[in-house]
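Structural overview for review
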Amino acid sequence: MAKVNFAPDVESISGKLCSRSGVIYAVNKQTGITHRLERHEFTDANTEAQQAVRKTFVSKGKFASAWWKANKPSAEKPKGSEHYLLVMKAYKGQHKIGNPYSYLCSLVTDDMKVKLGDLDITGSVTPDAGGGSVVKPGSGGSSSSGGNTEGEGGDA
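Residues numbered from 1 in each chain as written. Predicted model: local features only at pLDDT ≥ 70, side-chain atom pairs only at ≥ 80, totals over all residues. Heavy atoms only, no water.

1. Some thoughts on the pattern of salt bridges
Opposite charge on two side chains lets them pair, provided their charged atoms get close. How we decide: In the sections that follow, a salt bridge refers to a side-chain nitrogen of Lys or Arg positioned within 4 Å of a carboxyl oxygen of Asp or Glu. Going along the chain from the N terminus, every DSSP run of H or I of four or more residues is numbered as a helix, and every run of E of two or more is numbered as a strand. Buried, partly exposed and exposed residues are distinguished by accessible area as a fraction of the type maximum, computed with a 1.4 Å probe on protein chains only: under 20%, between the cut-offs, and over 50%, respectively.
On inspection of all chains with the given rule, the structure shows two salt bridges. A salt bridge links Lys 60 to Asp 110, with the shortest nitrogen-to-oxygen separation between them at 2.9 Å. With Lys 60 in helix H2 (residues 48-71) and Asp 110 in the loop between helix H4 (100-107) and strand E4 (115-116), the pair connects residues that are 50 residues apart, well separated along the chain. You can call Asp 110 exposed: its relative accessible area is 65%. Note that Asp 120 and Lys 113 form a salt bridge whose closest N and O atoms lie 4.0 Å from each other.

2. Considerations on the packing of aromatic side chains
The test is simple: Think of it this way: a Phe, Tyr or Trp ring, Trp meaning its six-membered ring, pairs with another when their centres are within 6.5 Å, and the plane angle makes it stacked under 30 degrees, edge-to-face over 60, tilted otherwise.
Per the stated rule, a full pass over the model turns up three aromatic pairs. Note on Trp 68 and Tyr 84: the rings are 5.3 Å apart at their centroids and 70 degrees apart in plane angle, and the pair reads as edge-to-face. Of this pair, Trp 68 sits in helix H2 while Tyr 84 sits in helix H3 (residues 82-92), and the two are 16 residues apart along the sequence. Taking relative accessible area as the criterion, Trp 68 reaches 19% and is therefore assigned buried. Taking relative accessible area as the criterion, Tyr 84 reaches 11% and is therefore assigned buried.

3. Concerning unusual backbone geometry
Its identity is not glycine, yet Met 112 carries a phi of approximately 60 degrees, on the positive side. Under the relative-accessibility criterion, Met 112 is labelled buried at 12%.

See below:
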């Protein structure tokens with residue numbers, strides 16, 4: 001490949017030249033060599049397969065959210081349910097996933113069950129409950145205060 005010597009004013013350019021440009025210039029600060037890169041346009045095909053994956057992702061997220069709300073610590077159970085404690089123990093024993101909720105989302109299977117290894121810890125949460133909020137027995141279901149419906153602080 002032939003070496004190209006750029007003019008000093010072009011050598012100092014780094015990054016994209018304009019928002020529609022597919023050409024990127026990068027300067028290696030150690031050697032001072034300028035590299036030119038062709039960047040291809042991103043196209044979002046939005047195929048049926050992608051739509052199916054996105055729909056599954058959303059449904060798993062809603063189900064995980066419903067499970068989290070039903071099992072997290074509350075006034076009745078300050079430490080959370082037994083299943084919640086199992087998930088937190090497993091979360092603390094691993095180092096790949098950075099927050100407990102994301103770890104829980106990784107435990108949700110395609111058939112909408114929360115599985116920790118071979119143990120099914122789904123409990124009473126059902127996939128159709130994942131769409132809305134889970135109402136705990138004896139909580140009344142609604143609040144007239146107009147504020148936070150969880151009854152606890154604002155740390156959602």
